[in-house]
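Chain residues, written in single-letter form:
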Amino acid sequence: MKAWVYLENDIFLSAKAFGKSGTFFGELVFNTSMTGYQEIISDPSYAGQFIVFSMPEIGIVGTNDEDNESKEIFASGVLMRELSPTFSNYRAKQSLEEYFKKHSKIGIYELDTRFLVKMIRDFGNLRAVISTEISNKEELKTLLENSGKIEDFNFVKEVSTKKPYVHKQGVWNGKSFNKAKKSVKKVAVIDYGVKMNILNELVELGLEVKVFPYDTKAKELIELYKNGEIHGVFLSNGPGEPKILKNEIAELKKLIEAKIPMLGICLGHQLLSNAFGYETYKMKFGQHGANHPVINLENKSVEITAQNHNYNVPENLCEVAIITHRNLFGDNVEGVRYKHYPIISVQHHPESSSGPHESKYIFKEFLNLM
């Protein structure tokens, strides 16, 4: 199947496609991870984006039922240099091509992804349209110009759970998922697009985990906290521009004033910053990969972390929070502890095990806060 790619800087490319046919819109971001493509593709935080892999060949280990970070693929699609024609791994259940057909998503290959990564690095994230139906450049250009920008959409309501549920599964031990331990505390997770392995890590810690929709009112959670039915709130990762989530930010302000212990990761980290009155900003091309060094400023150790974000908190957040972590690639703020509140947050993903375990202490810090 053939496909055509038009970028907003007037670059026009042709490639081969697999998965679902049709016309798709999104923002190009590159990911520098060398492993873990299934977890990346199934991360809800990629909603509205095309993932460009810098790793030249994708699909080598196939896909399985355990490594998904969500039940669906919310990314607009995936671009790669080569699609592996075969896969080999003892855990694999199906090929990447079959996986994309199952989830009705498009994949593009036989592209010069080195060229694309360098272009994104130089010009920033670019809007794109990919089509297996339309080969006319001008027609694709018009379609892209009439499509909305990623910062105009609330993707969180697309990826969040529709109703509360209890998560009882621990981490993968190599053969199966660990069963929930006897709970020491109860935590409410606000699902802005939560990754499965975050929930697994919270359960592994000995927490009773209940997941709530993104638009859950603060009043409900405050009442649960006062009654001892929860001991803290976790704010999940998620997609899109944090500043457009005005209602969610307003509810977070109420949780902050109630002085409920909280941990925010990725979008949760950004929303907390906005709730404290410090607006997030969009980075040139974001940080996406499993190989980003982050320094813990409190003990001077360096952690190799997984990252997936286009937005970041501002430097002047230090007025209300102690900066605990910095990214050594861009020197941007990676983690904070709020000065007068039992709240911590980080931009990177401690559950993603790229270190593989050196950032997981953050979950224990959350337990200590509670």
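Attention here is on the structure that accompanies the text. The model shown is predicted, which means the values in this text are computed figures rather than measured ones.

**What to know about the sheet that holds strand β3 (residues 23-31)**
Then comes step 1: Taken together, the seven strands give a closed barrel; going around it, the order is β1-β2-β8-β6-β4-β3-β9, and neighbouring strands pair in mixed fashion. Taken pair by pair, the neighbouring strands of this sheet meet at an average axis angle of 35°, ignoring direction.
Then comes step 2: Relative to strand β9 (residues 127-131), β3 runs antiparallel, the two being bridged by five bridges. Each residue of the ladder has a partner; that of G26, found in β9, is A128.

**Regarding empty space enclosed by the protein**
Then comes step 1: A complete count under the given rule lists three cavities of 30 Å³ or more for this structure.
Then comes step 2: Estimated volume of the largest cavity: approximately 140 Å³.
Then comes step 3: Along its surface, the largest cavity is lined by 16 residues, and S45, G238, G240, N310 and Y311 are the ones closest to its centre.
Then comes step 4: Among the elements of the structure, α9 (267-275) and β18 (302-312) are those that each provide at least two residues to the lining of the largest cavity.
Then comes step 5: The element that contributes the greatest number of residues to the lining of the largest cavity is β18, accounting for four residues.
Then comes step 6: Here the lining of the largest cavity is composed, by residue class, of five nonpolar, nine polar and two charged.

**Some details on the packing of aromatic side chains**
Then comes step 1: Considering all chains together, one arrives at eight aromatic pairs under this definition.
Then comes step 2: Each ring, one from F153 and one from F155, has its centre 5.7 Å from the other, and the planes form 45°; the classification is tilted.
Then comes step 3: Here the aromatic residues F18, Y99, F100 and Y109 are joined through ring pairs into a cluster of three or more.

Definitions and limits used
- Residues numbered from 1 in each chain as written.
- Predicted model: local features only at pLDDT ≥ 70, side-chain atom pairs only at ≥ 80, totals over all residues.
- Heavy atoms only, no water.
- Pairing = 2+ DSSP bridges.
- Helix = DSSP H or I, 4+ residues; strand = E, 2+ residues; numbered from the N terminus.
- Axes fitted to C-alpha atoms, helices over the stretch in contact; angles between N-to-C directions.
- 1 Å grid on protein atoms, 1.4 Å probe; cavity = no way out; pocket = protein on both sides within 12 Å on 5 of 7 lines; lining within 4 Å.
- Points joined across faces, edges and corners; volume = space filled by probe spheres on them.
- Nonpolar A, V, L, I, M, F, W, Y, C, P; charged D, E, K, R; others polar.
- Phe/Tyr/Trp six-rings, centres within 6.5 Å; stacked < 30°, edge-to-face > 60°.

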